[in-house]
Amino acid sequence: MIQPPDAEARRAVAPVICYPNDTLPRPDLAGYSAALARATVIDTVTVPPREAATFRVPAGGFFRIASVDGPQVGDLNLWHAEDLGERFYSGKTRALHGTHVNVGDRLWSSFPHLRPMATVVQDSLDWYGIDTFGGAVHDVIGTRCDPYTGHLLSGVQYHQCCHSNLVRALAAELGMSPKEAEPHVHDVLNVFMCTGFTRDTGQYFMKASPVRPGDSWTCLAEVPLLGALSACPGGDCSAEHTSDAAACYPLRVEVLDAGDMPGWAPPARNGYDGSHGL
Ligand SMILES: [Zn+2]
């Protein structure tokens, strides 16, 4: 390995933020929080350990994911309830807000829509911040545990990965075959999962989630949503996934209705003209 004479000077160049996000439309968090405070639960879904379940949220409603019984991580997929082609875009959400989402951050949808599908309104783990390992909660880094990577790395045939759980849940919800449902399953938001990148090798790491029973994370649905949540076979993701080794617990999803929210309207689809220069 040959170091150029100005190697240190090149490394010392200061970074710039790829996507300064101060021009993004700001959510009315105070209004959202006030609506959440008066909202009532209209539906409750329990996600069994190592399984997934679906839920529907009307635009302007809320969904709350809660830890029950023990520390557990959830893998979340979101679709527009009337158009499976508009779905959560983990990579662009990461580019706009960072590796982990916080209160006030939006969950963005895929091209050509690219609009907020949901907004994070409440998080009982907001105290965690970024720990000394560089770890934080609610990641948009990880893609979801899946049987293909499991087979690639360990040769296993394991069927309770989040990917497969989400495929089965979506197939059951929409009356599709698993083969039809699978292409709609996409990179997730890892609710409650504590992750980061190692400083020395840049590898994706996970560590025991700080979530405890009673903790919750709540979003406003900016558009009508179909959601699917998997209770990851990794449990609190302190050791391993893609196996039945970890202790796993259910997750609870509550759908809440707050009635009319003054001043709120569903966001328009992205304003790019779609011509791509042609
Ligand atoms: Zn998983």
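What you see is a predicted model; the values in this text were computed from it and never measured. Along each chain, the written sequence defines residue order, and numbers are assigned to residues from 1. Residue-level local features of this predicted model are given only where pLDDT is at least 70; pairs of side-chain atoms are given and counted only at 80 or more, and the full residue set underlies all totals for whole chains, interfaces and linings.

**Student:** I would appreciate a short explanation of the UniProt feature "domain: DUF1989" (unreviewed entry) in the protein chain in the present structure.
**Tutor:** UniProt positions are given in the numbering used here, feature names are shortened, and annotations may be inferred rather than shown by experiment. When the UniProt feature table is mapped to this numbering, "domain: DUF1989" (unreviewed entry) covers residues 46–226. Helix makes up 18% of residues 46–226 and strand 34%, whereas the separation of the span's terminal C-alpha atoms amounts to 15 Å. Only DSSP runs of H or I with at least four residues qualify as helices, and only runs of E with at least two residues qualify as strands; both kinds are numbered from the N terminus onward.

**Student:** Looking at this model, I keep getting lost on the environment of tryptophan 108. Mind explaining?
**Tutor:** Mapped onto the elements of the fold, tryptophan 108 is located in strand S6 (residues 106–108). Between the C-alpha atom of tryptophan 108 and that of tyrosine 89, which follows or precedes it by 19 residues, the distance is 5.7 Å. Once C-beta atoms are placed from the backbone, any two residues with those atoms within 7 Å are in contact. Each residue touching tryptophan 108, except ones within four places of it in the same chain, is listed here: Tyr89, Lys92, Thr93, Leu96, Leu114, Pro116 and Met117.

**Student:** Explain the pairing of strand S4 (residues 74–80) to me, please; I cannot follow it from the model alone.
**Tutor:** Remark: a regular strand shows side chains that alternate across the two faces of the sheet. In terms of residue burial, S4 counts as a mostly covered element, since 7 of its 7 residues are buried. Pairing of S4 with strand S9 (residues 189–197) involves 3 bridges; the strand directions are antiparallel. Note on S9: the bridge partner recorded for leucine 76 is leucine 189. Two elements, S4 and strand S12 (residues 225–231), share 7 bridges in a ladder whose sense is antiparallel. Considered in S12, the bridge of glycine 74 is made with alanine 231. The antiparallel hairpin formed by S4 and strand S5 (residues 83–87) contains 2 residues in its connecting segment. To sort residues by exposure, count the other C-beta atoms lying within 10 Å of each residue's C-beta; 20 or more gives buried, 12 or fewer gives exposed, and values between give partly exposed, all with C-beta atoms placed from the backbone. A pair of strands is treated as paired once DSSP finds two or more bridges between them.

**Student:** I keep staring at the nonpolar core and nothing clicks. Help me out?
**Tutor:** Inside soluble globular proteins, nonpolar side chains tend to come together where they are buried. Think of a nonpolar core as buried Ala, Val, Leu, Ile, Met, Phe, Trp, Tyr and Cys residues chained together by C-beta atoms that fall within 7 Å. Phe63, Cys219, Ala221 and Leu229 are the most contacted members of the largest nonpolar core, which totals 65 residues. If near-sequence neighbours (up to four positions away) are discounted, phenylalanine 63 is found in contact with Phe55, Val57, Cys219, Ala221, Gly227, Val253, Glu254 and Val255.

**Student:** So what exactly am I meant to see when it comes to unusual backbone geometry here?
**Tutor:** Most peptide bonds adopt trans geometry, and most residues besides glycine take a negative phi value. Residue phenylalanine 111 is joined to proline 112 through a cis peptide bond whose omega torsion reads 0°. Tracing the backbone shows proline 112 in the loop between S6 and strand S7 (116–123). Within the chain, arginine 50 stands out as a residue other than glycine whose phi angle is a positive 60°. Residue placement: arginine 50 occurs in the loop between strand S1 (40–47) and strand S2 (52–57). Unusually for a residue other than glycine, cysteine 237 sits at a positive phi of about 60°. Within the element layout of this structure, cysteine 237 appears in the loop between S12 and strand S13 (251–257). Classification of cysteine 237 as buried rests on a count of 25 C-beta atoms within 10 Å.

**Student:** Sorry, what's going on with the environment of leucine 114 here?
**Tutor:** Residue placement: leucine 114 occurs in the loop between S6 and S7. For leucine 114, a count of 17 C-beta atoms within 10 Å translates into the label partly exposed. Sequence separation between leucine 114 and phenylalanine 88 is 26 residues, and the spatial gap between their C-alpha atoms is 9.2 Å. Residues in contact with leucine 114, not counting those within four places in the same chain, are Lys92, Trp108, Ser109 and Asn270.

**Student:** Just to check I follow, could you spell out the sheet that holds strand S3 (residues 62–67) for this structure?
**Tutor:** Pairing between the strands of a sheet is mediated by backbone hydrogen bonds and can be parallel or antiparallel. In spatial order, the strands read S1-S13-S3-S11-S7-S6; together these 6 strands make up an open sheet with antiparallel pairing. With one partner strand each, in any of the chains shown, S1 and S6 form the two edges of the open sheet. Pairwise comparison of adjacent strand axes, ignoring direction, gives a mean angle of 25° for this sheet. Taken together, the 3 bridges between S6 and S7 define a ladder with antiparallel strand orientation. The residue of S7 that forms the bridge with tryptophan 108 is proline 116. For helices, the fitted line uses only the C-alpha atoms of the stretch in contact; every axis is such a line through C-alpha atoms, and the angle between N-to-C directions lies from 0 to 180 degrees.

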